[in-house]
Amino acid sequence: LPLEERLKRRIIDGERNGLEADLDTAMAEGRAPLSIINDLLLDGMKVVGELFGSGQMQLPFVLQSAEVMKTAVAYLEPHMERADDDGKGRIVLATVKGDVHDIGKNLVDIILSNNGYDVVNIGIKQPINAILDAAEEHRADAIGMSGLLVKSTVIMKENLAEMASRGVAERWPVLLGGAALTRAYVEDDLRSIYPGQVHYARDAFEGLSLMDRVMA
Ligand code: B1M
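Residues numbered from 1 in each chain as written. Predicted model: local features only at pLDDT ≥ 70, side-chain atom pairs only at ≥ 80, totals over all residues. Heavy atoms only, no water.

The name given to the protein chain in an unreviewed UniProt entry is Methionine synthase, with Micromonospora robiginosa as the source organism.

Now the structure itself:
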């Protein structure tokens, strides 16, 4: 297989033998690490999602694909360009309660960290109390929640309602992302229950431009 197809295939097959060598070759050929992730590896992940969703792939194999994805991202990260405008603001990032998906959240972490933001990534399955404690403790300027399950979209709504009832909405603009969310759900349904700013980010880059807007 040609290199690009092979890298995509590695995610689908969960094959990590020789992964680093292929990533090195792709970079040596002039592909930027982020383009390798976005244009090749995430394509593979999309196929994994489709195969799993249609019952053609079992969960342990999805897990293997996710592990290869994580290994690849960790390998590429030190090769990414870093802007030198540090100190643009601080965000607490979490995957919401009940949800373990973290590949997207961790990409958001990487993109924001490489572009001048201080990211406090508190991990997966985080209840609202833990998110707010972290935001308080680290004096965050914003809160980012990720979740991929349909039920996570409901949790996000509950979280915003809780923040509104605690009167902290003015203090923390919220960024939301994850495959089960839609812009309409965030902008039509969630905005109406949260008196502060709530933004939907389709991907990590939109997350970055929203942070730039929130902090402006
Ligand atoms: Co699961 N899973 N999974 N899974 N999984 C999905 C989400 C699913 C759509 C697959 C499917 O059925 N086709 C489905 C959800 C269905 C639903 O809710 N209706 C599903 C399911 C059902 C499950 C389990 C329930 C399966 C089971 O146990 N029977 C279980 C749930 C466990 C739990 O959470 N309690 C489960 C488990 C897993 C694994 C552990 C095996 C693994 C996750 C490993 C890990 O993350 N460490 C896994 C995976 C890999 C997937 C798919 C295949 C891929 C997800 C992924 O990493 N995508 C996924 C299929 C899909 O998404 N279509 C699926 C790549 C990633 C970069 O994309 O996270 O969307 P994403 O992030 C994007 C944007 O959304 C955005 O930026 C990123 C790109 O730049 N973004 C943000 C995300 N967060 C953001 C936050 C922001 C801004 C942007 O600001 C704060």
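**Q** Can you help me understand the layout of surface pockets in this one?
**A** Over the atoms a probe the size of a water molecule is rolled, and this reveals where empty space is left. Approximately 1,500 Å³ is the volume found for the largest pocket. Forming the boundary of the largest pocket are 45 residues, of which His101, Ile103, Gly104, Leu148 and Ala179 lie nearest the centre. If you list the elements that add at least two residues to the lining of the largest pocket, you get α3 (33-53), α4 (59-76), β1 (89-95), α5 (103-113), β3 (142-146), β4 (174-177) and α9 (204-215). Counting residues per element, the lining of the largest pocket draws most heavily on α3, which supplies 11 residues. Roughly 170 Å³ of internal volume is contained in the second largest pocket. Forming the walls of the second largest pocket are Ala32, Pro33, Leu34, His79, Met80, Glu81, Arg82, Ala83, Ile111, Asn114 and Asn115. (1 Å grid on protein atoms, 1.4 Å probe; cavity = no way out; pocket = protein on both sides within 12 Å on 5 of 7 lines; lining within 4 Å. Points joined across faces, edges and corners; volume = space filled by probe spheres on them. Helix = DSSP H or I, 4+ residues; strand = E, 2+ residues; numbered from the N terminus.)

**Q** What should I look at first to understand the pairing of β4 in this one?
**A** Residues in a regular strand project their side chains so that they alternate between the two faces of the sheet. Side chains of β4 alternate between two faces, with Val174 and Leu176 and Leu175 and Gly177 buried alike. When β3 meets β4, the two strands line up parallel, connected through four bridges. Bridge pairing in β4 links Gly144 to Leu175. Tracing the backbone out of β3, into helix α7 (residues 150-165) and back to the parallel element β4 gives a crossover that is right-handed. Judged from the three bridges that link them, β4 and strand β5 (residues 198-200) form a sheet pairing that is parallel. The partner of Leu175 across the bridge, within β5, is His199. Considered for its hand, the β-α-β crossover made up of β4, helix α8 (residues 183-190) and β5 is right-handed. (Buried < 20%, exposed > 50% of the residue type's maximum accessible area, 1.4 Å probe, protein only. Pairing = 2+ DSSP bridges. Right-handed = clockwise from strand over helix to strand, strands pointing away.)

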